[in-house]
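Single-letter residue listing:
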Amino acid sequence: MKKDLLLPEPGSLHTASSTWSRRDILRAGGAAAIAGLGGALAAGNAWSAGSPQKVTFAWSAVAFCLSPVVVAQEKGFFEKNGLQVELLNWGGSTDQLLEALATGKADVGVGLIHRWLKPLESGFDVKVVGSAHGGCLRMLGVKEAGVSDWKQLKGKIIGVSDINSPAKNFFGIHLAKRGVDIEKDVQWRVYPADLLDVAVKKGEVQAIADGDPNLFLIEKRNQGVFTEIGNNATGEYKDKICCITGARGDFVRNNKPAAAAVVRSIIQASEFVAENPNEAAKLYAKYSPKIPVEDLRALLTNLTYHNHPTGSVLRDEVEYFARDFHTAGVLKKSTDPVRFANHVTVDVLA
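Residues numbered from 1 in each chain as written. Predicted model: local features only at pLDDT ≥ 70, side-chain atom pairs only at ≥ 80, totals over all residues. Heavy atoms only, no water.

### Some words on the layout of surface pockets
Rolled over the atoms, a probe with the dimensions of a water molecule shows which regions are left empty. This is how the line gets drawn: As defined here, a cavity is a set of points on a 1 Å grid over the protein atoms alone where a 1.4 Å probe fits but cannot get out. A pocket is an open set with protein on both sides within 12 Å along at least five of seven lines, and residues line them when an atom is within 4 Å of a point. Grid points are joined across faces, edges and corners, and a volume is the space filled by probe spheres set on the points. Starting at the N terminus, helices and strands are each numbered in turn, a helix being any DSSP run of H or I of at least four residues and a strand any DSSP run of E of at least two. Under the scheme applied here, ten amino acids are nonpolar (Ala, Val, Leu, Ile, Met, Phe, Trp, Tyr, Cys and Pro), four are charged (Asp, Glu, Lys and Arg), and all others, including Gly, are polar.
Taken as a whole, the largest pocket spans an internal volume of roughly 1100 Å³. Here the element with the most residues in the lining of the largest pocket is strand E3 (residues 108-112); it accounts for 3 residues. Among the residues making up the lining of the largest pocket, the classes are represented as 24 nonpolar, 12 polar and 6 charged.

Okay, here's the thing in structure tokens:
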């Protein structure tokens, strides 16, 4: 029986049993993906025999889920694939990041697909070329408010960090799929991300939706207050991507080997994170000094780093997300999800 997206699998997402079972499930897929890339990996090694290709990689250092970027740099995956990468810590909006890519201020970048689709619809010359992992968005209900299930959200107020945040978009779309009018049946109220629990304590919201590590830290300092309503690593999205790799259009068209080398590097680094979460946490810790390494390890273990499709599978997943966004009215009525996915995705490993 297919599980409801907004109902957690047996046990919390943060229990050891559910964590390891999800990793075990995806391990075979990850290994198959790496095996399937055998020819492309060999081609990359041959290409890397020349001078290193300089690449500027834009990312957000505050997003722990992007630890494969750090791993690729620190463990030499970029170098092994013939790249000399400059990491650009991007603190601006997704629109600004995509503009930076389109105008050549950066060659490649990485971020949440839930943030990228609408700006890409606007015409940025940026192509989706790879992916890093799945999971990282969650919704928590407040126990005292009687919210432990999505069916109890009607008439309630949900706290979010941004009215267009990935969590708001993701859960809004899927509440709508279940017959909830997300404009009338629930309210969305914006607070600074690290103050969402303050809003709970004031009784101003009955549920909160955001990404980790913020929700992880909120739960940690408010033991027993929340129950998980849902996350994007269960149900119909348990095998779907979350963070994607994009590159500016002319970089893909004129330097496909370098774009392919970036994709290979992130895949290899993502597999490393999946198999070595403790070491990955230690590498990433310098970017997140306020979060203990053991907490970072737990967070990294919860994500699906074995899930990083490329080629036609990636294109199909972009179309899947585009259909959801189209149905919810986030994308324009005139946008064809199939044509959109065909336009914005490129198989650089082909």
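### Digging into the sheet that holds strand E4 (residues 126-133)
Rule in force here: Two strands are counted as paired when DSSP detects at least two bridges linking them. Axis definition: a line fitted to C-alpha atoms, limited for helices to the stretch in contact. Angles are taken between N-to-C directions and run from 0 to 180 degrees. Residue contacts are defined here by distance: any two heavy atoms, one from each residue, within 4.5 Å place the two residues in contact.
Taking strand neighbours across the sheet as the criterion, the 5 strands line up as E2-E1-E3-E10-E4 in an open arrangement whose pairing is mixed. Sheet topology places strand E2 (83-89) and E4 at the edges, where each strand pairs with a single neighbour. Each strand axis lies, on average, 25° off the axis of its neighbour in the sheet, ignoring direction. Helix-sheet contacts for helix H6 (residues 113-121) involve E3, E4 and strand E10 (243-248), and the interaxial angle to E3 is about 115°.

### A closer look at the packing of aromatic side chains
The geometry of an aromatic ring pair comes down to the distance between the two centres and the angle between the two planes. To keep things clear, this is the line we draw: Working definition: rings of Phe, Tyr and Trp (its six-membered ring) pair if their centres are within 6.5 Å, and the pair is stacked with planes under 30 degrees apart, edge-to-face with planes over 60 apart, and tilted otherwise. Burial here depends on accessible area, computed with a 1.4 Å probe over protein chains only, as a share of the maximum for the residue type. Under 20% is buried, over 50% is exposed, and the range in between is partly exposed.
For the structure shown, the criterion picks out 8 aromatic pairs. Seen from their ring centres, Trp59 and Tyr287 are 5.3 Å apart, and the 80° between their planes marks the pair as edge-to-face. Placement of the pair is Trp59 in strand E1 (residues 53-59) and Tyr287 in the loop between helix H12 (277-284) and helix H13 (293-302), with a sequence separation of 228 residues. When the centroid spacing of 5.0 Å and the interplanar angle of 85° are considered together, the rings of Phe170 and Phe171 count as edge-to-face. Residue Phe170 shares its accessibility class with Phe171, and that shared class is buried.

### A word on the pattern of salt bridges
Rule in force here: Within this document, salt bridges are pairs made up of a side-chain nitrogen of Lys or Arg and a carboxyl oxygen of Asp or Glu, the two lying within 4 Å of each other.
Summed over the entire model, instances satisfying the criterion amount to 16 salt bridges. Between Arg138 and Glu219 there is a salt bridge whose closest N-O contact spans 2.8 Å. With Arg138 in strand E5 (residues 137-142) and Glu219 in helix H9 (residues 214-221), this pair connects stretches of sequence that are 81 residues apart. With a closest N to O distance of 2.4 Å, Lys220 and Asp295 form a salt bridge. Here Lys220 is found in helix H9, whereas its partner Asp295 is found in helix H13, with 75 residues between them in sequence. Note on Lys220: relative accessible area 40%, which makes it partly exposed. By relative accessible area, which is 9% here, Asp295 ends up buried. Through salt bridges that share partners, Arg138, Asp212, Glu219 and Glu228 make up one connected network.

### Structural notes on the sheet that holds strand E7 (residues 187-190)
The sheet built from 5 strands is open, its strands ordered E7-E6-E8-E5-E9 with mixed pairing. Every interior strand has two partners, whereas the edge strands, E7 and strand E9 (226-231), have only one. Each neighbouring strand pair of the sheet contributes to a mean axis angle of 30°, computed without reference to strand direction. Looking at chain direction, E5 and strand E8 (residues 207-211) are connected through 5 bridges and run antiparallel. Pairing of Met139 across the sheet is with Ala209, part of E8. On top of the sheet, H9 reaches E5, E8 and E9; it is set at about 135° to E8, its chief contact.

### Side note on unusual backbone geometry
In this structure, the amide linkage connecting Asp212 to the following residue, Pro213, adopts the cis form with an omega of 15°. Along the polypeptide, Pro213 turns up in the loop between E8 and H9.

### Some thoughts on helix H14 (residues 311-327)
We count it as follows: By this rule, a helix spans an expected 1.5 Å times one less than how many residues it contains.
With 17 residues, H14 extends 25 Å between its outermost C-alpha atoms, agreeing within 8% with the 24 Å of an ideal straight helix rising 1.5 Å per residue. Residues of H14 that are buried include every one of Gly311, Leu314, Arg315, Glu317, Val318, Glu319, Phe321, Ala322, Asp324 and Phe325, and no others. Elements that come into contact with the buried residues of H14 comprise H6, E4, helix H7 (166-177) and helix H15 (337-344).

### A closer look at the packing of H14 against H15
Selection criterion: Oblique is the label for every angle not falling under 35 degrees (roughly parallel), over 145 degrees (roughly antiparallel), or within 65 to 115 degrees (roughly perpendicular). For any helix crossing, the convention is left-handed if the near helix is rotated counterclockwise from the far helix by under a right angle, and right-handed if that rotation is clockwise.
One can describe the packing of H14 onto H15 by two numbers: an axis separation of 8 Å at closest approach and a directional angle of 135°. Here H14 is positioned oblique relative to H15, judged by the angle of their axes. In this structure, H14 crosses over H15, and the sense of that crossing is right-handed. Counting all contacts with H14, which are made through Arg315, Val318, Glu319, Ala322, Arg323 and His326, the residues of H15 involved are Pro337, Val338, Phe340, Ala341, Asn342 and Val344. When grouped by side-chain class, the residues that make up the contact of H14 with H15 number 7 nonpolar, 2 polar and 3 charged.

### A few points about the packing of helix H5 (residues 94-102) against H6
Running from amino to carboxyl end, H5 crosses H6 at an angle of 60°, the nearest separation of the two axes being 9 Å. In this view, H5 runs oblique relative to H6, as classed from their interaxial angle. Read as a crossing pair, H5 and H6 show a hand that is right-handed. Contacts between H5 and H6 pair Thr94, Asp95, Leu97, Leu98 and Leu101 from the former with Arg115, Trp116, Pro119 and Leu120 from the latter. Residues that form the contact of H5 with H6 fall into these classes: 6 nonpolar, 1 polar and 2 charged.

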